[in-house]
Amino acid sequence: MSLKSQFELAKSEYEQWGIQVEEALEKLRDIPISIHCWQGDDIDGFEVNKAELSGGIDVTGNYPGKATTPEELRMDLEKALSLIPGKHRINLHALYAETDGEIVDRDKLEPKHFEKWVAWAKKHGLGLDFNPTIFSHEKAADGLTLSHPNPEIRRFWIDHCIASRRIGEYFGKELGTPCLTNIWIPDGYKDIPSDRLTPRKRLKESLDEIFAAEVDDTFNIDSVESKLFGIGSESYVVGSHEFYLSYALKNNKLCLLDTGHYHPTEMVSNKISSMLLFNEKLALHVSRPVRWDSDHVVTFDEELKEIALEIVRNDAIDKVMIGLDFFDASINRIAAWTIGTRNMVKAMLYAMLMPNEHLKELQEKGDYTKRLALLEEFKTYPFGAIWNYYCEQMDVPVKEHWLAEVLEYEERVLSQRK
Ligand SMILES: C[C@H](O)[C@H](O)[C@@H](O)C(=O)CO
Ligand SMILES: [Mn+2]
C-alpha cells in the first residue's frame, strides 16, 4: 500500500476526532527548529588561537570525520538539512568566527567575521541564531566570567557579549528574521560557597551593562540560559534558574530553559505553561540528560512529546523559540543532527495530532478516566503513516532511509578527512 493510501487511512482515523490533519502539516512546515552547529565539530570552533573545551561541559567519543573547517561544517550541515523536513535555523557560537588567519579576541569580534555564514544562510534560506562563547578561553580559566571579582575579566566578557549582540543584530538585519542571541555562562563553584549573593550581584550588574548597549530588538532578541550545575560547579552556579527567571521577567528578556539543566525528575514541560502566563516568549535548548546534563541526542521520548504538547495545546508555537543542544561524538555527527532534529519536528506533529481541546474538556469536567484512556490510546494511533507521508511530501527520506544517505556521505566525504 502506498504511503498516500496509508496516510489517507490514518487521516480518516484522526478526522473522526475533529483533528485537521492537512492543517497540521501546513503549520508544521513553518515551525523552525534552531539547529546547533556545534554538534558538527564537538564545539571546537575555528579560532586561530583555539583553547581546550572548558566551562564544565563535556563531549565524549571520537567518531572519525568531524568537520575541522568552516567549509566542512557548512557542508555537513547541508547534508543534515537535506534529510530533515521543513525550513530551519542554524545556531552559531562566537568561536565559529572566520578571521582569515588573524587572531581576533572575543571582545573584538565584529559582524564581518561572520559574513561567510550570512552568505551561506542566505543561499540556503536559513535564519541564524547566536551565542557569545563565554568558555574555552584563558579569561574563563578559573571558571568565573561575568561574575568574576576582577573587573578587567568582567569587562572583557561584557564587551564580548555586547559584540555578540551586535553580530546577532547583523544576522537579523541581513536575513530578515530576528536572531536569538543567548547568553550562558559557566560561573560557579565546585564546593560549598561562603557567599552566594555577591557573585550574583556582579552577574546582574554585568548583564545590565550588556543590555544597556543599544541593539535593535527588531533584529536581535536576547535570552539568558540558566543551569543547575556543571563539572567543577557542582555546588553552586551563579546563573541559576531562579536568577535568570527573575532577571528575564524584570528586564523583558527571554528566559532559556535547557532540558538538561534541572534535577533529573524536574521536567521542563511542566514549566512552560507557568512561564507563558508571565512571559511573552521563552526559548528552549532541547537536549536529553542521562543522569546529568550529558547532552545526549534528543530521542522521541515522553518528555519530548510533553514539551511539544505544552507548546501546541497552549497555542504557543509563535511564543516558544525551539533550539536544540546536544553534542555526541560517539556516533556519526550528521546522523546525530538528523535523529535529534527529525525527532523534534516529529514531536510537534504528534502534539498537533492530539484531540487537545477534547482532552481539556474532559479534564475540566473531572473525567480523568477518559482523559487517561485517550492519552494512552492515542499513543498507538497511526501517527507514523502521517509522519512518513509528510517526509515524502517534504522531499526528505522516509523512515530510516535517510541513514543510507548518511553512510554514503561518511564513505565518500567524512572518511577522507584527516
Ligand atoms: C554550547 C552551548 O552554549 C552550551 O551547551 C550551553 O547552551 C549549555 O547548555 C551548557 O550546559
Ligand atoms: Mn544549552
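Everything quoted here is computed from the prediction, not taken from an experiment.

Visitor: Quick rundown of the coordination of the manganese ion (ligand 2)? Include the residues and the values.
Guide: The reference angle at a metal is 109.5 degrees if four donors form a tetrahedron and 90 or 180 degrees if six donors form an octahedron. Coordination sphere of the manganese ion (ligand 2), protein contribution only: Glu-225 (OE), Asp-258 (OD), His-285 (ND1) and Asp-325 (OD), at 2.2 Å. Note that the manganese ion (ligand 2) binds six donor atoms; their angles at the metal cover 72 to 168 degrees, and the shape is octahedral. We note that the donor set of the manganese ion (ligand 2) lies within a single chain, spaced as E-x32-D-x26-H-x39-D. A residue pair is termed long-range when its members are at least 10 positions apart, and Glu-225 in strand β6 (residues 220-225) and Asp-325 in the loop between β10 (320-324) and α10 (333-352) qualify at 100 residues. Neither residue differs from the other here; Glu-225 and Asp-325 are each classed as buried.

Visitor: Any details on the confidence of the model for the protein chain? Residues and values, ideally.
Guide: Confidence along the protein chain averages 98 in pLDDT terms, with 100% of residues attaining 70 or more. For this predicted complex, the interface confidence reaches an ipTM of 0.99, while the overall pTM sits at 0.98.

Visitor: Outline a nonpolar patch on the surface, listing residues and values.
Guide: Together, Leu-249, Leu-277 and Phe-278 make up an exposed nonpolar region whose accessible area comes to about 370 Å². Position of Leu-249 among the secondary structure elements: in helix α7 (residues 241-251).

Visitor: Explain the site of ligand 1 to me, using residue names and the numbers behind them.
Guide: In the vicinity of ligand 1, the contacting residues are Trp-38, Ile-57, His-93, Trp-184, Glu-225, Lys-227, Asp-258, His-261, His-285, Asp-293, Asp-325 and Phe-327. In this structure, an oxygen atom belonging to ligand 1 sits 2.8 Å away from a side-chain N or O atom of Glu-225. At 3.0 Å, a side-chain N or O of Asp-258 approaches an oxygen atom of ligand 1. Its free accessible area being 310 Å², ligand 1 has 99% of it covered by the protein chains. When the residues that make up the shell around ligand 1 are grouped by side-chain class, the tally is four nonpolar, three polar and five charged.

Visitor: Please give an account of the domain arrangement of the protein chain that cites residues and values.
Guide: As assigned here, the protein chain comprises domain 1 (1-30 + 353-418) and domain 2 (31-76 + 88-335). Taken over C-alpha atoms, the centre of domain 1 sits 29 Å from the centre of domain 2. Taken residue by residue, the interface counts 16 residues in domain 1 and 18 residues in domain 2. Summed over both partners, the interface of domain 1 with domain 2 comes to about 1,400 Å²; 57% of that surface belongs to carbon and sulfur atoms. When the buried area of domain 1 at its contact with domain 2 is split by residue, Asn-356, Tyr-409 and Arg-417 rank highest and sum to 34% of it. Connecting domain 1 to domain 2 are three salt bridges. Applying the counting rule to domain 1 against domain 2 returns seven residue pairs in polar contact (both at pLDDT 80 or more). Residue composition of the side of domain 1 that touches domain 2, grouped by class: eight nonpolar, one polar and seven charged.

Analysis parameters
- Each chain carries its own residue numbering, running from 1 in the written order of its sequence.
- Here every chain gets a letter starting at A, and every ligand a number starting at 1, in the order they are written.
- Local features are withheld for residues below a pLDDT of 70 in this predicted model, meaning they are given only at 70 or higher, and side-chain atom pairs are given and counted only at 80 or more; totals for whole chains, interfaces and linings count all residues.
- Calculation of side-chain values draws on the structure's entire complement of heavy atoms; hydrogens and water are dropped beforehand.
- In this description, a donor is an N, O or S atom within 2.8 Å of the metal centre, a cutoff extended to 3.2 Å for sodium, potassium and calcium. Water is not part of the atom list, which can make sites seem incomplete.
- Sites are called tetrahedral only when four donors show all angles between 85 and 135 degrees, square planar or octahedral only when four or six donors show opposite pairs over 155 degrees and all other angles between 65 and 115, and irregular in any remaining case.
- Comment: elements are numbered from the N terminus, with helices defined as DSSP H or I runs of at least four residues and strands as E runs of at least two.
- A simple rule labels every residue: compare its accessible area, found with a 1.4 Å probe on the protein chains alone, to the largest value its type can have, and call it buried under 20%, exposed over 50%, or partly exposed in between.
- Values of pLDDT, the confidence the predictor places in each residue, fall between 0 and 100.
- Each patch is assembled from residues with relative accessible area greater than 30% and no salt bridge, linking like charges that lie within 9 Å and nonpolar side chains (Val, Leu, Ile, Met, Phe, Trp, Tyr) that lie within 5 Å.
- Every accessible area reported is derived by Shrake-Rupley at a probe size of 1.4 Å, with residue values counting cover from the shown protein chains alone.
- The term salt bridge refers to a side-chain nitrogen of Lys or Arg lying within 4 Å of a carboxyl oxygen of Asp or Glu.
- By convention in these notes, a residue is near a molecule or strand provided one of its non-hydrogen atoms lies within 4 Å of it.
- Any pair of N or O atoms that falls within 3.5 Å is considered a polar contact. Within protein, one atom must be able to donate a hydrogen and the other to accept it, and sequence-neighbouring residues count only if both atoms are side-chain atoms.
- Residues are grouped as follows: Ala, Val, Leu, Ile, Met, Phe, Trp, Tyr, Cys and Pro are nonpolar; Asp, Glu, Lys and Arg are charged; every other residue, Gly included, is polar.
- All the domain ranges listed were derived from an automatic or database domain assignment.
- Note on contacts: a residue pair qualifies if any of its non-hydrogen atoms lie within 4.5 Å across the two residues.
- When two parts are brought into contact, each loses some accessible area as probed by a 1.4 Å sphere; the total of that loss over both is the buried area.

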